[in-house]
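These are the residues of each chain, in order.
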Amino acid sequence: MGSSEKILAELADDTPVDLAGAVENSHVFEILDQLDRELIGLNPVKTRIREIAALLLMDRLRKNMNLSAQPPSLHMCFTGNPGTGKTTVAQRMAKILHRLGYVRQGHVVAVTRDDLVGQYIGHTAPKTKEVLKRAMGGVLFIDEAYYLYKPENERDYGAESIEILLQVMENQRDDLVVILAGYKDRMENFFSSNPGMSSRIAHHIDFPDYSTEELMEIAEMMMVNLNYRFDADSAQAFGEYIRLRMQMPHFANARSIRNAIDRMRLRHANRLFERGGEQVTRRDLVTIAAADIRASRVFGEKAAPLMTSPD
Amino acid sequence: MRLTQGQFSFLPDLSDEQITAQIAYGLKQGWALNVEYTDDPHPRNTYWEMWGIPMFDLKDPAGILMEINECRRTYPRHYVRVTAFDSSRGWETPRMSFLVNRPADEPGFGLVRQEGPGRQVRYTVRSYAVDRPEGSRYA
Ligand SMILES: Nc1ncnc2c1ncn2[C@@H]1O[C@H](COP(=O)(O)OP(=O)(O)OP(=O)(O)O)[C@@H](O)[C@H]1O
Ligand SMILES: [Mg+2]
């Protein structure tokens, strides 16, 4: 490697670069295309991820041409409402980083405040370090990261955990990538009171809420993966369901859709079960009927305030 | 006197890069690694102090190197070793063990002769390190 590096250093500016080869070798487009296919909507997110992938790939090529630069900072922040796909995208991001050689193992360790912060003096540092050790070589995903910082409590141990995280984020950039996630406004508050954290996060990606059409597409995709389908009536019923459910409390985008499908499957199974000895066909087994959807509380108690999720 | 215990101990001390490569090998086999330290390197002293609990579920050597470095920082004049345990047979079996830290000055061992009945002599070794009480050895 040593002598070939020297030769490269003497290469002229018009030395051709094997971009196609590098793209091919990293297989990064496979993951990007898979991301496009398997995640509905999220266009701004997909664009940002493509941009980051391009940056990393170019960084690799530049390195091969002896154009050294400080390695790009990769810590990220994903903001968005519940169920908008942050955790799912973090998993994909880890794969992309792994393919491009920016993390060695490519696994994701997902944690919240309770995994990092202890209950008494001397408890926090070992807990945080334990998590960091597990995340080494991969991605550390901290959900609702703003709970780490509790300004109302002076003696809160969250600050200690933040301190350790910051150190590792700065000094062990090759060893792990940190992704913070949470609601946008709270995350912004968190950053404004933790400038150290803010300055170490290079990429802020915002996850928009899904439109009704996108939620319908997500539902259809989930159904296909589960080997179920709607008929004309139930497809329409589910469209109505989505519109009603979106107005209700505890709406969690794609996760609410997933939960709704689980409930529908339950009702579908019970409906067939109740039919007792009657002839049931393969079609019956795969088709969700309008009745399986319209039995939901979402249609009945529109006006009543719900304390629990109505799916 | 240079202590020779465990793997690689007749070689020059391993660099961090070499230690990392050995740990990566252990992790790839699915073994759990732990870090131990002692100031009494007698060959029969099998039970060294544990630096935290053995590390299960780690994917990458960087986490273990973190603990090694912390142990070295805390006990710069102790012996520190890394051991890899294989649990595939239902109990934890050491598969690798090597030193990652040694005191700058290693006092070594003395031969002790014990006079027995009928002019019988029994021999044993004693580490000079234990002449001083625990904690103040190698100080
Ligand atoms: N764009 C999408 N296309 C298909 N399925 C999606 C999409 N977004 C999310 N999902 C599905 O919705 C569920 C919830 O997504 P995920 O857990 O990633 O959301 P989240 O943003 O992390 O939520 P929270 O903030 O509550 O943790 C998952 O089952 C995921 O597969
Ligand atoms: Mg999540």
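How each quantity is defined
Residues numbered from 1 in each chain as written. Chains lettered and ligands numbered in written order. Predicted model: local features only at pLDDT ≥ 70, side-chain atom pairs only at ≥ 80, totals over all residues. Heavy atoms only, no water. Helix = DSSP H or I, 4+ residues; strand = E, 2+ residues; numbered from the N terminus. Expected span 1.5 Å × (residues − 1). Buried < 20%, exposed > 50% of the residue type's maximum accessible area, 1.4 Å probe, protein only. Arc of directions from axis to C-beta. Pairing = 2+ DSSP bridges. Contact = heavy atoms within 4.5 Å. Axes fitted to C-alpha atoms, helices over the stretch in contact; angles between N-to-C directions. Salt bridge = Lys/Arg side-chain N within 4 Å of Asp/Glu carboxyl O. Core = buried A, V, L, I, M, F, W, Y, C linked by side-chain atoms within 4.5 Å. Phe/Tyr/Trp six-rings, centres within 6.5 Å; stacked < 30°, edge-to-face > 60°. Parallel < 35°, antiparallel > 145°, perpendicular 65-115°, else oblique. Left-handed = near helix turned anticlockwise from the far one by under 90°. Nonpolar A, V, L, I, M, F, W, Y, C, P; charged D, E, K, R; others polar. Buried area = accessible area lost by both parts, 1.4 Å probe. Polar contact = N/O pair within 3.5 Å; in protein donor to acceptor, adjacent residues only side chain to side chain.

Draft legend 1. Molecular detail of helix 11 (residues 212-226) of chain A. Residue and element names in this part refer to chain A. Over its 15 residues, helix 11 extends 21 Å from the first C-alpha to the last, a length consistent with the 21 Å expected when each residue adds 1.5 Å. All buried positions along helix 11 are accounted for by Thr 212, Leu 215, Met 216, Ile 218, Ala 219, Met 222 and Met 223. The buried residues of helix 11 occupy one face: seen down the axis, they fall within an arc of 160°. Exposed residues pointing more than 90 degrees away from the buried face of helix 11 are listed as Glu 213, Val 224 and Asn 225.

Draft legend 2. Structural detail: the sheet that holds strand 2 (residues 49-50) of chain B. Residue and element names in this part refer to chain B. A sheet is described by the order of its strands in space; here 4 strands give the open sequence 2-1-3-4, paired in antiparallel fashion. The open sheet has two free edges, formed respectively by strand 2 and strand 4 (93-101), since each of these has just one partner strand. Bridge analysis of strand 3 (residues 79-86) against strand 4 gives 7 bridges, and the strand direction is antiparallel. The residue of strand 4 that forms the bridge with Arg 81 is Leu 99. Lying on the sheet, helix 1 (residues 16-28) is in contact with strand 1 (32-38) and strand 4; it crosses strand 4 at an angle near 165°. Sitting on the sheet, helix 2 (residues 61-74) is in contact with strand 1, strand 3 and strand 4, with an inclination near 5° to strand 1.

Draft legend 3. Region of the structure containing the pattern of salt bridges. Per the counting criterion, the structure on display carries 26 salt bridges over all chains. Note that A:Arg275 and A:Glu278 form a salt bridge whose closest N and O atoms lie 3.6 Å from each other. Between B:Arg2 and B:Asp13 there is a salt bridge; the shortest N-O distance is 3.1 Å. Residue B:Arg2 is located in the segment before helix 1, and its partner B:Asp13 is located in the segment before helix 1; the two are separated by 11 residues in the primary sequence.

Draft legend 4. Highlighting the nonpolar core. Residue and element names in this part refer to chain A. Core analysis: the biggest nonpolar cluster contains 58 residues, and Ile 49, Phe 78, Leu 97, Ile 179, Phe 238 and Ile 293 have the highest contact counts within it. Residues in contact with Ile 49, not counting those within four places in the same chain, are Leu 32, Leu 35, Val 89, Met 93, Ile 96 and Ile 205. Counting 31 residues, the second largest nonpolar core, distinct from the first, contains Val 131, Ile 142, Met 187 and Phe 191.

Draft legend 5. Region of interest: the packing of aromatic side chains. One pass over the full model with this rule turns up 11 aromatic pairs over all chains. Between A:Tyr241 and A:Phe299, the ring centres sit 6.3 Å apart and the planes meet at 50°, which makes this aromatic pair tilted. Highlighted residues: A:Tyr241 in helix 12 (residues 232-247) and A:Phe299 in helix 16 (residues 297-300), separated in sequence by 58 residues. Judged by centre distance (6.2 Å) and plane angle (90°), the ring pair of B:Trp51 and B:Tyr75 falls under edge-to-face.

Draft legend 6. Expanded view of the packing of helix 3 (residues 28-38) of chain A against helix 5 (residues 86-99) of chain A. Residue and element names in this part refer to chain A. Contact pair helix 3 / helix 5: the axes reach a minimum separation of 9 Å and the direction vectors enclose 165°. On the basis of their axis angle, the class for helix 3 and helix 5 is roughly antiparallel. For the pair helix 3 and helix 5, the sense of crossing is left-handed. Contacts between helix 3 and helix 5 involve Val 28, Glu 30, Ile 31, Leu 32, Gln 34, Leu 35 and Glu 38 on the former and, on the latter, Arg 92, Lys 95, Ile 96 and Arg 99. Its residues assigned to classes, the contact of helix 3 with helix 5 shows 5 nonpolar, 1 polar and 5 charged.

Draft legend 7. Broad picture of the interface of chain A and chain B. On the side of chain B, 11 residues touch chain A, which itself brings 11 residues to the contact. The largest contributions to the chain A side of the interface with chain B come from A:Lys129, A:Lys133 and A:Met136, which together make up 51% of the buried area. Our count for the contact surface shared by chain A and chain B stands at 3 salt bridges. Linking B:Asp60 and A:Arg104 is a salt bridge whose minimum nitrogen-to-oxygen distance equals 2.4 Å. Run the count over chain A and chain B and you get 5 residue pairs in polar contact (both at pLDDT 80 or more). Partitioning the side of chain A that touches chain B into residue classes produces 2 nonpolar, 4 polar and 5 charged.

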